[in-house]
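An overview of the molecular structure
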Amino acid sequence: MAALELDLFLCRTDNFGVLLHDPASGATASIDAPEERLILETLERRGWRLTHILTTHHHGDHVAANVSLKERFGVTIIGPKGEASKIPGIDRSVGQGDRFDFAGHPVEVIETPGHTAGHICFHFPKDKLLFAADTLFALGCGRLFEGTAETMWQSLNRLMALPDDTSVYFGHEYTLSNAHFAVTIDPENAALKARAAEIEETRSDGGFTAPTTIGLEKRTNPFLRAGDQKIRKHLAMENASDAEVFAEIRKRKDNF
C-alpha cells in the first residue's frame, strides 16, 4: 500500500484545506470543501483529480464547495449521519464506529459532538492520520455551538485515546491566539512555553502550525489537561470534575 500524499493550504480567511492523494490509484479526497477556487488550484498544481469529499460537519465554511465540486468531478461525498440533511450533495452518511476504505486505506469514523451536534472526525489508523476539523485544534478546541461542555469533553477523550504519534490535521489556523490563551491557563508548563515560542516564530515566518500530534496536544493543550493538578490549582477548582474544569477553560477562551 503506497503512502498517502497530502497537500495543506489556507483558504477563505483562516480555514485549512487538505487534499489527500493515493498515488497508486489516483484517488484524491478533499477533507471538507471550504473554497472551490483554492481546491481547484491545488488539484491543478499537483496534477490530481478529485474523487471524494470527506465532510466533518455542516458549517458553511466546511461545505461551501460541495455541490460545485460534485458537479465538476462527480465526487462521492461522505459525511456525518447525525446531520446528513444539512450536508449538500451527501452520498453516504457515517457515524461512530463505521469503517470504510479510501483507495485501500482503512478509515474509522469517530463521532465528536460538541462544536456541532453531529460532528465527526476521520481517523486513518494505518496511516496514523486524524482529520479533526473543528473538534480539536492545536492548543485549542471548537466552540460549543450545538453541544454542552460535558459532551465535548467526552468527544475529546475519544481523540485522546488514539496513539500519541497520530498526526492531527485541524480546520483552522487559530494556533497563535490559542497559544496566547493557553499560557494563561497552564503558566507553569515548560513544554507549553517552549511550544508557544516556536509558534510565534513559525507564524511570523508565514508557516503553518498543522499538523500537530495527539501526544503533543496531551502535553500542552489545556483543553485536554482538565485533570492536571497544577491547572486545577491555578483555577481554584481542585475538587471539580474534569468536565467542570474543561467547561471553565472553554468559558475563559470564549471571553479571551
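Residues numbered from 1 in each chain as written. Predicted model: local features only at pLDDT ≥ 70, side-chain atom pairs only at ≥ 80, totals over all residues. Heavy atoms only, no water.

For clarity, the threshold we go by: UniProt positions are given in the numbering used here, feature names are shortened, and annotations may be inferred rather than shown by experiment.
The name given to the protein chain in an unreviewed UniProt entry is Hydroxyacylglutathione hydrolase, with the source organism recorded as Sinorhizobium chiapasense. Database annotation for the protein chain, UniProt heading Pathway (unreviewed entry): "Secondary metabolite metabolism; methylglyoxal degradation; (R)-lactate from methylglyoxal: step 2/2." Database annotation for the protein chain, UniProt heading Subunit (unreviewed entry): "Monomer."

**Topic: the sheet that holds strand E3 (residues 28-31)**
Using the following cut-off: Strands are treated as partners if at least two bridges between them are detected by DSSP. Here a helix means four or more residues in a row that DSSP labels H or I, a strand means two or more in a row labelled E, and each is numbered from the N terminus. Inter-axis angles, ranging from 0 to 180 degrees, are taken between N-to-C directions of lines fitted to C-alpha atoms, where helices are fitted over the stretch in contact. Between two residues, a contact is recorded if the distance between any of their heavy atoms is within 4.5 Å.
Across the sheet, which stays open at both edges, the six strands sit in the order E1-E2-E3-E4-E5-E6 with mixed pairing between neighbours. Where the open sheet ends on each side, the last strands, each with one partner, are strand E1 (5-11) and strand E6 (92-94). Neighbouring strand axes in the sheet, compared pairwise and without regard to direction, differ in orientation by 20 degrees on average. Relative to the sheet, helix H1 (residues 36-46) contacts E1, strand E2 (15-21) and E3, its axis offset from that of E1 by approximately 145 degrees.

**Remarks on the UniProt feature "binding site: Zn(2+) 1" (unreviewed entry) in the protein chain**
Where we set the bar: Here's how the labels work: a residue is buried when its accessible area is under 20% of the maximum for its type, exposed when over 50%, partly exposed in between, all with a 1.4 Å probe on protein chains only. Within 3.5 Å is the distance limit for a polar contact, defined as a pair of N or O atoms, with the added protein rule that one can donate a hydrogen and the other accept it, and that residues adjacent in sequence qualify only through two side-chain atoms.
Taking the UniProt record as the reference, the feature "binding site: Zn(2+) 1" (unreviewed entry) is found at His57, His59, His115 and Asp134. Separation in sequence by 78 residues is not matched in space for these annotated residues, since their most distant C-alpha atoms are only 9.9 Å apart. With respect to the helices and strands, His57 occurs in the loop between strand E4 (52-54) and helix H2 (60-63). For His57, a relative accessible area of 0% puts it in the buried group. Excluding residues within four positions of it along the chain, His57 makes contact with Asp32, His62, Val63, Pro80, Glu83, Ile87, His115, Thr116, His119, Ala133 and Asp134. Structurally, Asp134 can be placed in the loop between strand E10 (129-133) and strand E11 (136-137). Discounting chain neighbours no more than four positions away, the residues touching Asp134 are His57, His62, His115, His119, Gly142, Gly171 and His172. Separated by 3.4 Å, the side chains of Asp134 and His57 make a polar contact.

**Topic: unusual backbone geometry**
In this chain, Ala210 is followed by Pro211 through a cis amide linkage whose omega measures 0 degrees. With respect to the helices, strands and loops of the structure, Pro211 is situated in the loop between helix H6 (190-204) and strand E14 (212-213). Positioned with a positive phi, Asp32 is a non-glycine residue whose angle comes to about 60 degrees. Along the chain, the position of Asp32 falls in the loop between E3 and H1. Taking the relative accessible area as the measure of exposure, Asp32 reaches 3% and is therefore buried. Even without being a glycine, Ala103 presents a positive backbone phi close to 50 degrees. Here Ala103 is to be found in the loop between strand E7 (99-102) and strand E8 (105-111). The exposure class assigned to Ala103 is partly exposed, which follows from its relative accessible area of 32%.

**A closer look at helix H9 (residues 242-254)**
Heads up, the rule is: One less than the number of residues in a helix, times 1.5 Å, gives the span that helix is expected to have.
Compared with the 18 Å implied by 1.5 Å per residue over 13 residues, the 18 Å span of H9 between its first and last C-alpha is a close match. Those residues of H9 lying buried are Ala243, Val245, Phe246, Glu248, Ile249, Arg250 and Lys253. Each element contacted by the buried residues of H9 is listed here: strand E12 (140-141), helix H4 (149-160), helix H5 (175-185) and helix H8 (229-234).

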